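The chain contents come next:
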Amino acid sequence: MPNTYTQFNLHVVFAVKGRENILSAKIREELFSYIAGIVNNKKHYSLAVNGYKDHVHLFFEYNPAFPVSDLIRDVKSGSTVWINSRKLVPGKFSWQEGYGGFSYSRSQRDVVIKYIMNQEKHHQGKSFKEEYMKLLVDFDIEFKNEYLFEFYE
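Residues numbered from 1 in each chain as written. Predicted model: local features only at pLDDT ≥ 70, side-chain atom pairs only at ≥ 80, totals over all residues. Heavy atoms only, no water.

*Asks:* What am I meant to see in the side chain of K76 here?
*Replies:* Positionally, K76 belongs in helix α2 (residues 68-85). No salt bridge is formed by the buried K76; its nearest oppositely charged neighbour, E97, is found at 7.8 Å. Non-local contacts of K76, meaning those with residues more than four positions away in its chain, are made with F14, W95, Q96, E97 and G98. (Helix = DSSP H or I, 4+ residues; strand = E, 2+ residues; numbered from the N terminus. Buried < 20%, exposed > 50% of the residue type's maximum accessible area, 1.4 Å probe, protein only. Lys, Arg positive; Asp, Glu negative; His and termini not counted. Salt bridge = Lys/Arg side-chain N within 4 Å of Asp/Glu carboxyl O. Contact = heavy atoms within 4.5 Å.)

Written as structure tokens, this is what we have:
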């Protein structure tokens, strides 16, 4: 009897509302671990979660039985509640609306994981806006500036 077999690797990027630099090194490791747990609990497979002070990169093997938008909604809402309930940042925390999503082949996994896990070093020489715009261009994604994240230099 035939079955369905898939192997999708997705890279999702999303940002802190107002692009505030509030994801301190002190909370990032635990936050990224928490986000990976949400992904895995939703029947996907987390490959790498990392980011910097104002954004997150999430790379995972995607289970097509569940919509990507539902997963990202659950990741954002769950991590928002987690951050706010522990008072890990001053004031009320939230993520910006939207996200960027990019797909990779299995043969590219190691390169993408290395890229994501080196975010702090990577952002010593490149802003999040530069990084995000490069992803959009590299993936030939049409976009309108008014619908991008709020970028503050």
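*Asks:* For this particular structure, what's the right way to read the pattern of salt bridges?
*Replies:* Where charged atoms from two side chains of opposite charge come close, those side chains can pair. Scanning the entire structure with this criterion turns up seven salt bridges. Among the salt bridges present, the one from K42 reaches D74, with a minimum N-O distance of 3.2 Å. Of the two residues, K42 is situated in the loop between α1 (25-41) and β2 (45-52) and D74 in helix α2; the sequence distance between them amounts to 32 residues. Classification of K42 as partly exposed rests on a relative accessible area of 35%. For E61, the salt bridge is made with R106, and the minimal N-O distance between the two is 4.0 Å. With E61 in strand β3 (residues 55-62) and R106 in the loop between β4 (100-104) and α3 (109-117), the pair connects residues that are 45 residues apart, well separated along the chain. Put simply, K42, D70, R73 and D74 are held in one network by salt bridges that share partners.

*Asks:* What is the right way to look at the packing of aromatic side chains in this model?
*Replies:* Each aromatic ring pair is characterised by the separation of its centres together with the angle its planes make. Per the stated rule, a full pass over the model turns up nine aromatic pairs. Relative to Y62, the ring of F8 lies with its centre 6.4 Å away and its plane at 50 degrees, an arrangement referred to as tilted. Residue F8 is located in strand β1 (residues 8-15), and its partner Y62 is located in strand β3; the two are separated by 54 residues in the primary sequence. A relative accessible area of 38% places F8 in the partly exposed class. Their ring planes at 20 degrees and their centres at 4.9 Å tell us that Y34 and W82 sit as a pair that is stacked. Taken together, the residues span a long stretch of sequence, with Y34 in helix α1 and W82 in helix α2 at a distance of 48 residues. The partly exposed category is assigned to Y34, whose relative accessible area is 32%. (Phe/Tyr/Trp six-rings, centres within 6.5 Å; stacked < 30°, edge-to-face > 60°.)

*Asks:* Is there a simple way to explain the sheet that holds β2 in this structure?
*Replies:* Within a sheet, adjacent strands bond to each other through the backbone by hydrogen bonds, running parallel or antiparallel. Strands sit in the order β2-β3-β1-β4 across an open sheet of four strands; the sheet is antiparallel. With one partner strand each, in any of the chains shown, β2 and β4 form the two edges of the open sheet. With direction set aside, neighbouring strand axes in the sheet form an average angle of 15 degrees. Two elements, β1 and β3, share eight bridges in a ladder whose sense is antiparallel. In the sheet register, F14 faces β3, and the bridge partner there is V56. Of the strands in this sheet, β1, β2 and β3 touch α1, which is tilted by about 150 degrees from β2. (Pairing = 2+ DSSP bridges. Axes fitted to C-alpha atoms, helices over the stretch in contact; angles between N-to-C directions.)

*Asks:* Sorry, what's going on with the pairing of β3 here?
*Replies:* Each regular strand displays side chains that alternate between the two surfaces of the sheet. With seven of eight residues buried, β3 lies mostly within the body of the structure. Pairing of β2 with β3 involves seven bridges; the strand directions are antiparallel. Looking across to β3, one finds that N50 is bridged to H57. The turn linking β2 back onto β3 is made up of two residues.

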